[in-house]
Amino acid sequence: MEAVKNIPTPPELKITPQAPVPPRRSRAHALFASELVRPAIKEAFLMLRPDVQWRNPVMFVVEIGSVLTLLFIIQAFLSQSVSQVPISYFIALDFWLWLTVLFANFATALAEARGRAQAQSLRKARKDTPGYRLKGKDIIEEVSSADLKPGDRVVVEAGQIIPGDGEIIEGLASVDESAITGESAPVIRESGGDRSGVTGGTRVLSDRIIVEITAATGESFLDRMIALVEGAVRQRTPNEIALSLVLTAFTLLFVIVVVPLWPMALNAEIYMASYLGMTEPLKSLGTDVPTLVALVVCLIPTTIGALLAAIGIAGMDRALQANILAKSGKAVETAGDIDVVLLDKTGTITMGNRHATDFLPVGKYTAAQLGRLAALASIADQTPEGKTIVRLHLDRGGTPADVTAPDGAQFISFSAQTRMSGIDLPDGRQIRKGAPEAIIRFVERQSGTAPAEFQPAVDAIGRQGATPLAVADGATVVGVVVLSDILKTGISERLERLRRMGVRSVMITGDNPLTAATIAKKAGVDDFVAQCTPEAKLAYIRKEQADGKLVAMIGDGTNDAPALAQADVGLAMNSGTQAAKEAGNMVDLDSNPTKLLEVVEIGKQLLMTRGALTTFSIANDVAKYFAIVPALFAGTLPWLKVMDVMHLHSPTSAILSAVIFNAVIIPLLIPIALRGVRYRPLGADALLRKNLLIWGLGGVVLPFAGIKLIDMIMVAGHLIS
Amino acid sequence: MLQLWLLPAALIVTAVLVSIPLSKYCAWIMEGQYRPLPGFGWIERKLDSGPQDWKQYTAALLIFNLLLFVWGYVVLAVQPIMPLNPRHLGMLAPTTIFNSVTSFMTNTNLQDYSGDVHFSNFSQIFFTISNQYISAAVGFCALVAMIRAFRGEQKVGNYFVDMWRVLIYMFVPAAILSGVLFMQQGMPMTFKSTIQVATLEPGAMGTDDKGVAKEQTIVFGPVAAAIPIKQIGTNGGGFFGANSAHPYENPSAWTNFITCFDMMMFPFTLVLMFGRMLRRVRHSIVIYGVMLTLMVGMIAWAIYFELKPNPGLTAHPASVTYKIPSATAKGGFRELTIPQVAGLPIDQHLGNLEGKEMRFGIVAAPTFAALTTAVTCGAVNCAHDSLNPLTGLSPMVGMWLNCVFGGKGVGMINILLFLIIGVFIAGQMVGRSPEYLGRKVGAREVKLAVIALLVHPLMILGTTGLFAATSWGTKAEFNPAAHGFSEVMYQFTSASANNGSGFEGLGDTWGFNDNPNPAPTSRQLDIAAGLVMLFSRYLPIVAPIAMAAFLGMKKEAPSGLGTMRDDSMTFYWLLLGTIVILGALMFLPVAALGPLADHWGPMPFGG
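Okay, so let's go over this structure.

Thresholds applied
- Residues numbered from 1 in each chain as written.
- Chains lettered and ligands numbered in written order.
- Predicted model: local features only at pLDDT ≥ 70, side-chain atom pairs only at ≥ 80, totals over all residues.
- Heavy atoms only, no water.
- Pairing = 2+ DSSP bridges.
- Helix = DSSP H or I, 4+ residues; strand = E, 2+ residues; numbered from the N terminus.
- Axes fitted to C-alpha atoms, helices over the stretch in contact; angles between N-to-C directions.
- Contact = heavy atoms within 4.5 Å.
- Salt bridge = Lys/Arg side-chain N within 4 Å of Asp/Glu carboxyl O.
- Buried < 20%, exposed > 50% of the residue type's maximum accessible area, 1.4 Å probe, protein only.
- Expected span 1.5 Å × (residues − 1).

### Observations concerning the sheet that holds strand β22 (residues 586-588) of chain A
Residues and elements named next belong to chain A.
Alright, step 1. Reading across from one edge, β10-β22-β21-β20-β11-β18-β19 is the order of the seven strands in this open sheet, with mixed pairing throughout. Since the sheet does not close on itself, it has two edges, and those belong to β10 (324-326) and β19 (527-529), each with one partner. Each strand of the sheet is rotated relative to its neighbour by a mean of 20°, with strand direction disregarded.
Alright, step 2. When strand β20 (residues 551-555) meets strand β21 (residues 569-573), the two strands line up parallel, connected through four bridges. Following the sheet pairing, M553 is matched in β21 by G570.
Alright, step 3. Its contacts with the sheet put helix α19 (residues 513-523) on β18 (504-508) and β19, and the angle it makes with β19 is roughly 150°.

Pasting the structure below:
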């Protein structure tokens, strides 16, 4: 703490009180909030530009079809050509075709707008803030945060905003990170160790720190993140590319199916005309270009084509809502494929510290006596273990008087040499607690001996995965305090959830194998690595990957960096070192190690949503055939009306209903695209069965009802002749 | 009523029972674990040009087929000057030769000629029989190469050794066994070309100048050598024009059973062989189950509708009036009245007897029709053109899907295309990027699968559209309207599915080059169908091998609770749904224009 006192104080006057940074509101936006919808609608029109549409082949085909139909209408107006169907039919058709394109654009624009809104709230933390740069030894100059370069050292005092990403090199402070995490409780950041990272835009609440800036302006995590969520650098993920390829192929397939229908319909027309002995040519909708365009649009996978981009953006967005900064969309997608997660024991599976859970007296002592002496020895002990000993004693009926040091008592603090701490009472009694070996040495020095049952008790505690802490009163051993790892609440359920997802959990710990095995069993992890070094961690990841598995891990320390880089999903804690954050492909702003589960679920949800909507989109086509095929040949093969199981009003209403259904389903599915299909850890087979029923079978059945409903509405509203 | 289903049930049970041990044998042979027969080891060592990677294997396959094309063309072109031609048959029209050579090279065996009229025994032996052995082995080898690629092997085997194994250890023994049974039943096996017989009815062939009744000349030859491989290799190229309806090609009910079983044998077996060679037998059983479901459905459909009277011959007791939308007519509608039609005085209580070989009866015909198209054999024992319209849908569906067991090897390859696409789309619904055989299915694999899948509808629909709208097709159809449309569409479906069965009712035979009176558009049909066969054969072989190779190169991940199981009931529904939905999306419009319009339409559309 010596160093902190030497930090030159920035001139008092220059500390301008700043308005408190409002915490980021993660889930502030309703799905169709008007401030998002209005710009999205505008954007939808702007996106009609062919060079924008070109990137989405499915919707590009729809746009071409809409233009073709428009040209057809213009030509019909100019030449006054007579068609078998009224011109209003073509206008309605074209209107809905354009609307299909606009709906698709709107879905993408809305997802982007939501991403931008998230980014906006992050950006609020990116306002220029003054920084106090250390120049030489004691000189401080005020600079704008924009002028800070990596390597600069700045002083930040209570109340000030940290001007840039960096690492604390001196001091300790409580920091309000709500601007980026939305979490209002302050966190402790200190130099050295794995909690030295600070983020620009967060506020120091107490104390004073020196921060070495590690990222230049515009390159900090926030900057990169903002760029990412805004879609400026959005790159399509491998899976998305493969899927859009399949969608393009399906588009081609349906063009192949529909184009030959024209000559086939012509064949029927020619025959029918000759059968009826007609002189003028007989026309059916089968040779009507706008109708065939409508058929193509209905059949090609417009639903998923329209929503594909939105699903990808929304996946990133959901990660962000969980306060996870993914460095790429690919990382989120990969998370869904994870087979193994490596979890650090401390902090993830167990509470950060051990708790006293039992008093095991030896010799003539009772548990209550042991408790009182242990508590007495711990009064001045500010370590979490010491505090829990006091609390356990009080919980077991100890009185506050027991834990009040008598006047004149002297506290003996822990030292690495003695490995004991305790209290010397005014009457000369020396009460000590410490490692069993240390206590034995302590009593032996005073010619005492440990009772016979002492060593077995110590061993038994070790076997249970707990740590023994021996207590001595002078030359006699009083007993052993059991210090146990306490599992985090709900961790077993979370691990069980992982297991049901098909993800194997592996506990990483520095403990000995015996202790590790006990905790692993209690928590319910599938495997553990005991006495683990960073190298062992890296080797474990490599071994799993060699078996074809994808591995995720969490890390915060610099020595985790190689493993974070090696893992397929490396989630770095925001509180961690810069090296760790650079090495991972995701950063958890909350620094909550159990976040890995959320990451995996978000990834799975992303993939599932894509699969579900694609299946739905293609299954929809079956019903459309039953509406459109009889309509196409109503003029030539009227007996095909038998196929019209929906009993639609007329051929034109059948085709319009199918086109309208095809268009309307897009905005109806936007909520699912943006929120994602709900993921339940049921195991792959049950999940597939459930989704096949909902999206596959449902996708076949729903349009029959939908098309019929639209047809009935149009008839009821006299919108169709 | 129950006995009607006896034949199809017995066939399926037999094929299933045989496929189990036979698949073990096939896997054993193709893995090269056998010890060559005495003397054969030397040949195999000579054939073995070393392990090939997928590109070399495919190149060897393609070059081998090119040589096969040249060989076939030469044999047919020199027919007039070759021995075993006592009838002095001339040369076929060049387009017919092109069509036939392509047809027998691609294992399609669409015949725009009539075997007994146009081929000498020389052509039958050195073209028909030899090509039916060889072309059938090609698809088999392609599947085996794919399996090895799926296993992650860099070298997918040696094409020539694989061909040898398939021919010598599978086709030849099976064909000899069947041939002996056929001969016992009276199938001819001779180098003679014709036989003179006195007709039962005196003077049935006319009388000569002296008033003596003429004898009938019946063509025959080494029939029992041709027919076993025609069935076992799912070729279908008949010795006689009448194919398996001819008494020499299918002498008895017993040979009809063996004939049917022969064509099912290897397609059934190869699915299980796929599972055995990949050590995923349960997975292959699921695929087998999907195929069996579809096959049972198609056979049952065909028999059910064939037992109905022919709608073209039944009465339409009342006249029907249809309102047809028309802009030129008043009120926007034109009325079309179909008058009532009296039924022909025909007893139809047995079902539709038109075009049946009465020796086999009413059930054997639709059973055969459904089987032969499902397994891409293409042999026929009745006139498909005369099937009831809805019955005719069953063979069409078999060829459209082309994976209901399908041809040896290629049927399995085709279902893998549906499977890859199904897995890619629906498989993501388990919340993982799609995997097959533990390997991630990426953009490249899906692209290749889709290319291979697109060829089929493109070839069928494109050519059908072209011929339906032009005189190329309309002049060749024997029937007008929907039925004529079916005739054209069936021809290209059969060509693209490499099936080779003919709906017939289509003027596609030019005959000998000097035929003064050929069918008017037979040249166009010859060339178009020939090209369709070529494209539909080789693209769907090369692309899937490449796909398997790329997939095999990826790292195999162990399966777990989170990975999609490929051996469960859920997967069965996934695969079945994918095939049914994709199949319907590709071919429902032509089904409506052809058989459905044919069935629901009144005379003359049903005629």
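Following the structure, the description resumes.
### Thoughts on the pattern of salt bridges
Alright, step 1. Across all of its chains, the model carries 43 salt bridges over all chains by this definition.
Alright, step 2. For D337(A), the salt bridge goes to K440(B), with nearest N and O atoms at 3.8 Å. Residue D337(A) is found in the loop between α12 (329-335) and β11 (340-344), and its partner K440(B) is found in strand β6 (residues 439-440); the two belong to separate chains.
Alright, step 3. Residue class for K440(B) comes out partly exposed when judged on its relative accessible area of 26%.
Alright, step 4. Among the ionic pairs, D560(A) bridges to K537(A), the shortest N-O distance being 3.2 Å. Pair noted here: D560(A) is in the loop between β20 and α21 (561-566) and K537(A) is in helix α20 (residues 534-546), with a separation of 23 residues, a long-range link.
Alright, step 5. For D560(A), a relative accessible area of 7% translates into the label buried.
Alright, step 6. Because the salt bridges share partners, they merge into one network encompassing D337(A), D339(A), R432(B), E435(B) and K440(B).

### Quick word on helix α16 (residues 481-496) of chain B
Residue and element names in this part refer to chain B.
Alright, step 1. Helix length check: α16, at 16 residues, gives a terminal C-alpha distance of 23 Å against a target of 22 Å (1.5 Å per residue), a fit within 8%.
Alright, step 2. Among the 16 residues in α16, 16 count as buried, and that is most of the element.
Alright, step 3. Just downstream of α16, N498 is the residue with a positive phi angle, here 50°.

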